[in-house]
Amino acid sequence: MGDTLIRAENLACVRGGRLLFEGLSLAVGAGEALRVTGPNGSGKSSLLRCLAGLLPPAAGRIEHPAKIAWLGHENALKPGRTLGQELGWWARMDDTQALFALGLETLGDVPVRMLSAGQKRRAALARVIASGAALWLLDEPGAGLDAANAKALSAAIGAHLAAGGGAIVVTHGETDVPGARELAL
Ligand SMILES: Nc1ncnc2c1ncn2[C@@H]1O[C@H](COP(=O)(O)OP(=O)(O)OP(=O)(O)O)[C@@H](O)[C@H]1O
């Protein structure tokens, strides 16, 4: 493994009084990806929230030397602001980031609430890419994307890994994560 971006040992997660998983350990290094799979309700999103520091685990230890960018089911874009206001960093985007931005630039003056589901997802993904974080934690990132953008997402993850980043991606199979190991819950 390359430089460790995140390491978790013996994690347990309890939600609503129910034990979702225990004794779970994982590590992701530079250039590596983990694909988290499992049935609905098995705790994939909860695991990602624990790793992102948004949900305290019931047991275990998490260390992440790397800066994290987390993408949940919601896109965390303010509905009343325009896309241009929310993504005011267009000028800083490079070619890879433009994969997602492509086609969105013309929507800069549109309030976020009027964007389509796929457009919002692409904007949220563009923000992850532009964050500069080494470790991406992506919860069903391909939700709402058409085939071309799903492919662009996989390419963006691949480019991130090739550049020494890492990713943990929750997916029901809609996102191809190049070279990923699988963690099945
Ligand atoms: N805030 C909460 N309070 C109580 N229980 C919760 C809470 N959030 C999630 N849960 C429960 O935790 C369990 C795991 O949910 P989680 O969203 O982590 O599953 P998942 O594997 O990501 O599911 P899906 O594939 O449907 O997205 C579910 O039974 C859910 O009802």
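- Within an unreviewed UniProt entry, the label attached to the protein reads Heme ABC exporter ATP-binding protein CcmA, and the organism entered is Sphingosinicella xenopeptidilytica.

1. Quick notes on helix α1 (residues 44-51)
Alright, step 1. With six of eight residues buried, α1 is to be regarded as a mostly interior element.
Alright, step 2. Residues Lys44, Ser46, Leu47, Leu48, Cys50 and Leu51 constitute the buried set of α1.
Alright, step 3. Immediately downstream of α1, the backbone of glycine 53 shows phi near 80 degrees, a positive value.

2. Focus: the sheet that holds strand β8 (residues 181-184)
By way of backbone hydrogen bonds, the strands of a sheet pair with one another, either parallel or antiparallel.
Alright, step 1. Ordered by their spatial adjacency, five strands build an open sheet running β5-β6-β7-β3-β8, and the pairing between neighbours is parallel. Only two strands of the sheet have a single partner each, and these edge strands are β5 (68-71) and β8. Sheet twist, expressed as the average angle between the axes of neighbouring strands with direction ignored, equals 15 degrees.
Alright, step 2. Two elements, β5 and strand β6 (residues 135-139), share four bridges in a ladder whose sense is parallel. By the bridge assignment, leucine 71 is partnered in β6 with leucine 138.
Alright, step 3. Strands in contact with α1 are β3 (33-37), β5, β6, β7 (166-170) and β8; relative to β6, the strand with the most contacts, it is inclined by about 150 degrees.

Conventions used here
Residues numbered from 1 in each chain as written. Predicted model: local features only at pLDDT ≥ 70, side-chain atom pairs only at ≥ 80, totals over all residues. Heavy atoms only, no water. Buried < 20%, exposed > 50% of the residue type's maximum accessible area, 1.4 Å probe, protein only. Helix = DSSP H or I, 4+ residues; strand = E, 2+ residues; numbered from the N terminus. Pairing = 2+ DSSP bridges. Axes fitted to C-alpha atoms, helices over the stretch in contact; angles between N-to-C directions. Contact = heavy atoms within 4.5 Å.

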